[in-house]
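Reading the structure
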Amino acid sequence: MPDDQAAKAEKIRCDACPVMCYIADGKSGACDRYANHGGDLVRLDPLTVIQSGAQAVAFLDHDPADWDGDLIQGNRTFVTAVGAGTTYPDYKPAPFIVSQQIEDVDMVTVVTEGIFSYCGVKVKIDTDRFIGHERAVVRAGDEPVGHVMTSEYGSKMLSLGGVEHLTGGTKAEGRVTCDALLRLCNREAVELTIDDGATVVVQAGQAPIIDGQPERLMRVGCGSAAIGMFAKQWQPHVDEVVVVDDHITGVLTEHEAGKGLDMRPSGIRVNGRRSTPGRYFQVAEPGTGWGGTDVEDPLSILKSADPKKAWPGLRLLMISTTGEQWAYFVLDADLVPQPAETPPALRATADRVAENCEPSMCSVLFMGGAGGSLRAGVTENPVRLTRSVKEALTYVSCGGAEAYVWPGGGITVMVDVMDMPTDAFGYVPTPALVAPIEFTLRREDYAALGGHLDHVQPVDSVVLPGTRRVAAKAGQPNPHARENYRWPGRT
Ligand code: SF4
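Residues numbered from 1 in each chain as written. Predicted model: local features only at pLDDT ≥ 70, side-chain atom pairs only at ≥ 80, totals over all residues. Heavy atoms only, no water.

Side note on the environment of Met418
Rules: Numbering of helices and strands runs from the N terminus; a helix is a DSSP stretch of H or I covering at least four residues, while a strand is a stretch of E covering at least two. Relative accessible area decides the class of each residue, using a 1.4 Å probe on protein chains only: under 20% of the type maximum gives buried, over 50% gives exposed, and in between gives partly exposed.
When you line up the elements, Met418 lands in the loop between strand S28 (412–416) and strand S29 (426–428). Judged by relative accessible area, Met418 falls into the partly exposed class, the value being 27%.

Observations regarding the site of the ligand
What counts is decided by this rule: By convention in these notes, a residue is near a molecule or strand provided one of its non-hydrogen atoms lies within 4 Å of it. Ten residue types, Ala, Val, Leu, Ile, Met, Phe, Trp, Tyr, Cys and Pro, are classed as nonpolar, four, Asp, Glu, Lys and Arg, as charged, and the remainder, Gly among them, as polar.
What surrounds the ligand is the set Cys14, Ala16, Cys17, Met20, Cys21, Gly29, Ala30, Cys31, Arg33, Tyr34 and Pro429. Taken together, the residues that form the shell around the ligand break down as nine nonpolar, one polar and one charged.

Some remarks on the pattern of salt bridges
The cut-off we apply is this: Throughout this description, the term salt bridge denotes a Lys or Arg side-chain nitrogen within 4 Å of a carboxyl oxygen of Asp or Glu.
For the structure shown, the criterion picks out 20 salt bridges. Between Lys92 and Asp15 there is a salt bridge; the shortest N-O distance is 3.1 Å. One end of the pair, Lys92, is in the loop between strand S6 (76–79) and strand S7 (96–102); the other, Asp15, is in the loop between strand S1 (12–13) and strand S2 (22–23), and 77 residues separate them in sequence. We classify Lys92 as partly exposed; its relative accessible area is 25%. Each of Arg33, Arg43, Asp45 and Glu113 takes part in one network of salt bridges that share partners.

A word on the nonpolar core
Buried together is how nonpolar side chains tend to be arranged in soluble globular proteins. Where we set the bar: Grouping buried Ala, Val, Leu, Ile, Met, Phe, Trp, Tyr and Cys residues that are joined through side-chain atoms within 4.5 Å yields what is termed a nonpolar core. What marks off one domain from the next here is an automatic or database domain assignment. In what follows, residue pairs with any heavy atoms lying within 4.5 Å of each other are defined as contacts.
Membership of the largest hydrophobic core comes to 61 residues, with the highest contact counts inside it found for Leu158, Leu160, Phe366, Phe425 and Phe439. It is helix H3 (residues 171–185) that provides the largest number of residues to this core, a total of seven residues. Both of domain 2 (68–118 + 371–484) and domain 3 (119–214) provide at least three residues apiece to this core. When neighbours within four sequence positions are excluded, Phe366 is seen to be in contact with Phe116, Cys119, Gly120, Val121, Cys185, Val413, Met414, Val415, Val417, Phe425, Leu433 and Ala435. Counting 22 residues, the second largest nonpolar core, distinct from the first, contains Val270, Trp290, Val295 and Ala327.

Remarks on the packing of aromatic side chains
To keep things clear, this is the line we draw: Centres within 6.5 Å are what make two rings of Phe, Tyr or Trp a pair, Trp counting through its six-membered ring; a difference in plane orientation under 30 degrees is then read as stacked, over 60 as edge-to-face, and the rest as tilted. Charge over a ring is defined by NZ of Lys or CZ of Arg lying within 6 Å of the ring centre and within 35 degrees of the ring normal.
Taken as a whole, this structure holds six aromatic pairs when the rule is applied. With 5.9 Å between their ring centres and 70° between their planes, Tyr404 and Trp406 make a pair best called edge-to-face. You can call Tyr404 partly exposed: its relative accessible area is 44%. For the cation-ring pair, Arg264 lies above Trp311, with the distance from its terminal atom to the ring centre recorded as 3.7 Å.

Examining unusual backbone geometry
Note that the residue after Tyr88, namely Pro89, is joined by a cis bond; omega there is -5°. Cis peptide bonds are those with omega within 30 degrees of zero, and the linkage from Thr430 to Pro431 qualifies with -5°. Position of Pro431 among the secondary structure elements: in the loop between S29 and strand S30 (432–442). Phi is positive for Glu103, which is not a glycine, with a value near 55°. With respect to the element layout, Glu103 can be found in the loop between S7 and strand S8 (105–116). One non-glycine residue, Ala392, adopts positive backbone phi at about 60°. Its location among the elements puts Ala392 in the loop between helix H7 (382–390) and strand S25 (395–398).

Quick look at the sheet that holds strand S14 (residues 199–202)
So the rule is basically this: By this definition, two strands are paired if DSSP reports at least two bridges between them. Throughout, an axis means a line fitted to C-alpha atoms (over the contacting stretch in the case of helices), and angles, computed between N-to-C directions, take values from 0 to 180 degrees.
With respect to topology, eleven strands assemble into an open sheet ordered S16-S15-S14-S13-S10-S11-S12-S9-S24-S28-S27, the strand pairing being antiparallel. Of all the strands in the sheet, just strand S16 (213–214) and strand S27 (404–405) have a single pairing partner and so form its edges. Direction of pairing for strand S24 (residues 362–369) relative to S28: antiparallel, over a ladder of five bridges. If you follow Met367 over to S28, its bridge partner there is Met414. Seen against the sheet, H3 touches strand S9 (119–126), strand S10 (137–140), strand S11 (143–152), strand S12 (155–161), strand S13 (190–194), S14 and S24 and runs at an angle of roughly 50° to S11.

What to know about the environment of Ala392
Accessibility expressed as a relative area gives 14% for Ala392, which makes it buried. Note: C-alpha distance between Ala392 and Ala310 (82 residues apart in sequence) is 64 Å. If sequence neighbours within four positions are ignored, Ala392 has contacts with Asn484, Tyr485 and Arg486.

Some points on the packing of helix H4 (residues 223–234) against helix H6 (residues 344–355)
Using the following cut-off: What sets the label is the angle itself: under 35 degrees gives roughly parallel, over 145 gives roughly antiparallel, 65 to 115 gives roughly perpendicular, and the rest give oblique. A clockwise turn of the near helix away from the far one marks a right-handed crossing, whereas an anticlockwise turn of less than a right angle marks a left-handed crossing.
Where H4 contacts H6, the two axes come as close as 10 Å, and the packing angle between them is 155°. Judged by the inter-axis angle, H4 sits roughly antiparallel to H6. Regarding H4 and H6, the two cross each other, and that crossing is right-handed. The residues of H6 that touch H4, namely those facing Phe230, Gln233 and Trp234, are Leu346, Thr349, Arg352 and Val353.

Comments concerning the domain arrangement of the protein chain
The test is simple: The term buried area refers to how much accessible surface (probe radius 1.4 Å) is lost by two components on association, counted for both of them together.
Split into domains, the protein chain comes out as domain 1 (1–44), domain 2 (68–118 + 371–484), domain 3 (119–214) and domain 4 (223–351). A straight line from the C-alpha centre of domain 3 to that of domain 4 covers 34 Å. Across the contact, four residues belong to domain 3 and eight residues belong to domain 4. Contact between domain 3 and domain 4 buries roughly 550 Å² in total, counting both sides, with carbon and sulfur atoms accounting for 50%.

Some words on the side chain of Ser224
What counts, and what does not: Two N or O atoms count as a polar contact when they lie within 3.5 Å, although within protein this holds only if one can serve as hydrogen donor and the other as acceptor, and sequence-adjacent residues are included solely when both atoms are side-chain atoms.
Its place among the elements puts Ser224 in helix H4. Given the relative accessible area of 9%, Ser224 is considered buried. A polar contact is formed between the side chain of Ser224 and the side chain of Arg279, at a distance of 3.2 Å.

Looking at the pairing of strand S22 (residues 326–331)
In summary, the side chains of a regular strand alternate between the two faces of the sheet. Inspection of the sheet shows strand S21 (residues 315–320) paired to S22 by five bridges, in the antiparallel sense. Looking at the pairing, Leu316 lines up with Phe329 of S22. With antiparallel pairing between neighbouring strands as the criterion, S21 and S22 make up a hairpin whose turn holds five residues, including Gly323 at a positive phi of roughly 75°. Looking at chain direction, S22 and strand S23 (residues 337–339) are connected through three bridges and run antiparallel. Bridging from a neighbouring strand, Val330 pairs with Gln338 of S23. Hairpin geometry of S22 and S23 is characterised by an intervening segment of five residues between the two adjacent antiparallel strands and by a positive phi of about 65° at Leu335.

Structure, rendered in structure tokens:
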């Protein structure tokens, strides 16, 4: 036999995805998820189960090595698809179809790592700072991986990934997009640059870093909302407050809140477009200064005071929507604001604004379409799975975490990666993301939708000594809980 054929003969072929790697002994395949161990194809990451109940306390620090408890012992175990493996071609039954008795109900969970070409992440970045215009291209390195979406209340939103970036562009674009998605979903930090905008380091569960500056606080509200919240606390100490905000800048005495408190109109006037009394749009350009504007000197947004209303000695507080920037002025004889020493009581109100701001954070939600071929691993009649999900007979989870299923056609799911076990995601070089997905339902409903009943196995035959066990996250719905289902007698 020629040498090259002999070498190939020693390799085994992984059939878990369309790449079909030949893997030599002691090596792993292109995705690093499968390896050849002495001629056996093995999945490198351990199967992961979620453990809830008293025994799970040992896992609350998420160190599986500390676990020495018996798995069952009256606690509830949920087999996730993390480490379960994928199937290809799709008609094969899912890697694990496990059954267990939950109280008086025989439940089945179908467990698979789906290969998602149609997937991406939605990123919420808690900041008022300008990071880029809506629709601006977001890049990882030089490659486009997504775009800026709408601004939300105190946050900026990015849409990253999706099939057009994964497979619709160049090879490099697909590879870089897949890598960025993988790292974001596995809670790693990823640096993104936005065309005509900022450089942002995004990491799920961590504060964003914008142009090198870690963001600290999410705004308490817009300028108008801040006026409404703190008007009563400001009133005894000042004659006017301007809350600087890229969205709505608030002017206390002109605002309904000031009128309601019988405050005297101050004659302080701001730039921008008046929306309603005391509420102004576009007082400055978006930026990384006060309240998400480009303002560094707050006086730059003031027009000259109205001489018919303003008076010498008028006390003016200017403050941003996070309370991080503030300045105090007193009008001189020419009605020009002059910096003055801030009374302690007024300083305390600025601290109160900051105290009411939540910590700034990045949230990463994985979104993928599971309404395609992976359904064949669940049932021989795929549309019945879709219907069963829509009818709430089947509960969908991702790595044991509650998945929001979008209305309408398909099984389009969205899940917070922070609710999932760590390192729950993988990839294949097609390129596509590999994400865990589980379908849980009653055995009788599984039979009714044409499930692979001959592949059902009891849960304790799947959970072996090498299984990774993680604690159920506080507040996460248990996939087995009856309130998740619409079947009769669920109460
Ligand atoms: S990329 Fe991974 S899953 Fe696909 S064939 Fe290679 S080793 Fe198997």
